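Residue-level structural notes
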Amino acid sequence: MNSVIVYTDGACKGNPGPGGWGALLKSGSTEKELFGGETLTTNNRMELMAVIQALRALKRPCAVTLNVDSQYVLKGMSEWLAGWKAKGWRTAAKQPVKNVDLWQALDELVNRSGHSIEWRWVRGHNGDPGNERADALANLGVEVALGRMPAPM
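These remarks concern the structure in this document. (Residues numbered from 1 in each chain as written. Predicted model: local features only at pLDDT ≥ 70, side-chain atom pairs only at ≥ 80, totals over all residues. Heavy atoms only, no water.)

Some thoughts on the overall build of the chain
The condition that has to hold: Comment: elements are numbered from the N terminus, with helices defined as DSSP H or I runs of at least four residues and strands as E runs of at least two. C-alpha atoms define the radius of gyration, and 2.2 Å times the number of residues to the power 0.38 defines the globule rule. Note on exposure labels: buried denotes an accessible area under 20% of the residue type's maximum, exposed denotes more than 50%, and partly exposed covers the range between, all computed with a 1.4 Å probe on protein chains only. We call two residues in contact whenever any of their non-hydrogen atoms come within 4.5 Å of each other. For accessible areas, the Shrake-Rupley method is used with a probe of radius 1.4 Å. Any residue's cover is judged against the shown protein chains and nothing else.
Within the chain, the regular secondary structure consists of four helices and five strands. Along the chain, from the amino end to the carboxyl end, the secondary structure elements read β-β-β-α-β-α-α-β-α. A globule of 153 residues ought to have a C-alpha radius of gyration of about 15 Å, and the chain, at 15 Å, matches this closely. The C-alpha extent of the chain, read off along each of the three principal axes, is 40 × 40 × 30 Å. Put simply, the chain has 153 residues, and 45% of those count as buried. Restricting to contacts in the chain with at least 6 residues of sequence separation, those with at least 24 account for 65%. Put simply, the chain shows about 8,000 Å² of open surface, and 50% of that area lies on carbon and sulfur atoms.

Here we look at the layout of surface pockets
To keep things clear, this is the line we draw: Here a cavity means grid points, on a 1 Å grid over the protein atoms only, where a 1.4 Å probe fits yet cannot get out; a pocket means an open set of points with protein on both sides within 12 Å along at least five of seven lines; lining residues are those with an atom within 4 Å of a point. Grid points are joined across faces, edges and corners, and a volume is the space filled by probe spheres set on the points. Classification used: nonpolar for Ala, Val, Leu, Ile, Met, Phe, Trp, Tyr, Cys and Pro, charged for Asp, Glu, Lys and Arg, polar for all others including Gly.
Looking at the largest pocket, its volume works out to about 250 Å³. Lining the largest pocket are 13 residues, with Val4, Leu25, Ser27, Thr30 and Leu58 sitting closest to its centre. Where the lining of the largest pocket is concerned, the elements lending two or more residues are β1 (2-12), β2 (17-27) and β3 (30-41). For the lining of the largest pocket, the residue count by class is five nonpolar, three polar and five charged.

Things to note about the pattern of salt bridges
The test is simple: Throughout this description, the term salt bridge denotes a Lys or Arg side-chain nitrogen within 4 Å of a carboxyl oxygen of Asp or Glu.
Counted according to the given criterion, the structure contains seven salt bridges. The partner of Glu33 in a salt bridge is Arg133, and the shortest N-O contact between them spans 2.7 Å. Placement of the pair is Glu33 in strand β3 and Arg133 in helix α4 (residues 129-145), with a sequence separation of 100 residues. Its relative accessible area of 38% is what places Glu33 among the partly exposed residues. Arg133 sits in the partly exposed class, given a relative accessible area of 31%.

Side note on helix α2 (residues 71-86)
Our working definition: Helix span, as expected, comes to 1.5 Å for every residue beyond the first. To get the bend at a residue, fit one axis to the 7 residues ending there and another to the 7 starting there, then take the angle between the axes. Polar contacts, as counted here, are pairs of nitrogen or oxygen atoms within 3.5 Å of one another; within protein the pair requires one atom able to donate a hydrogen and one able to accept it, and residues that are adjacent in sequence qualify only if both atoms are side-chain atoms.
In this model α2 runs 21 Å from its N-terminal to its C-terminal C-alpha over 16 residues, within 8% of the 22 Å that 1.5 Å per residue would give. Along its length, α2 shows its largest kink, about 65°, at Trp80. Along α2, the residues classified as buried are Tyr72, Val73, Leu74, Gly76, Met77, Leu81 and Trp84. Looking at the buried residues of α2, the elements they touch are α1 (43-57), β4 (62-68), α3 (100-112) and β5 (116-121). Of the residues that open α2, the one with a side-chain oxygen 3.3 Å from the backbone nitrogen of Tyr72 is Ser70. One or two steps after α2, the chain reaches Gly88, where phi turns positive at roughly 70°.

Section: the environment of Pro61
Mapped onto the secondary structure, Pro61 falls in the loop between α1 and β4. For Pro61, a relative accessible area of 37% gives the class partly exposed.

Focus on unusual backbone geometry
The linkage connecting Asn15 with the following residue, Pro16, adopts the cis geometry, with an omega of 15°. Among the secondary structure elements, Pro16 is positioned in the loop between β1 and β2. The phi dihedral of Lys94 falls on the positive side, at around 65°, and the residue is not glycine. Tracing the sequence through the fold places Lys94 in the loop between α2 and α3.

In structure tokens, the structure reads:
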């Protein structure tokens, strides 16, 4: 299995508002940068979208070290997901899970991709070069959402 280090981040100008997601993927000396945006979204949706798009970009099973600065994503994957699924995608308070479409997409990707994923939390805006680049890419995604720059090919 190839080893891949991934950094992801989401950004939103207003919550809800225009938002962007960014991901930096590193394998050996190879780096790939991804970003995109939506005109009306939330920060949590962009955090999830960054992880989803990063995992979708991997074309074969990999050993992934996935660095996120979002406690929402980290706790969702490590603490909350199993309970939500057992309760029919309801929270402990019996409310529908927010962003269920993205959680379901991420859950399917994680379970069907064959990736071995190590989830790591990094403090955002604290000088970690990978996190800082993912943040910059997420902000480029906002620019795409606002029509200030073309979407990447």
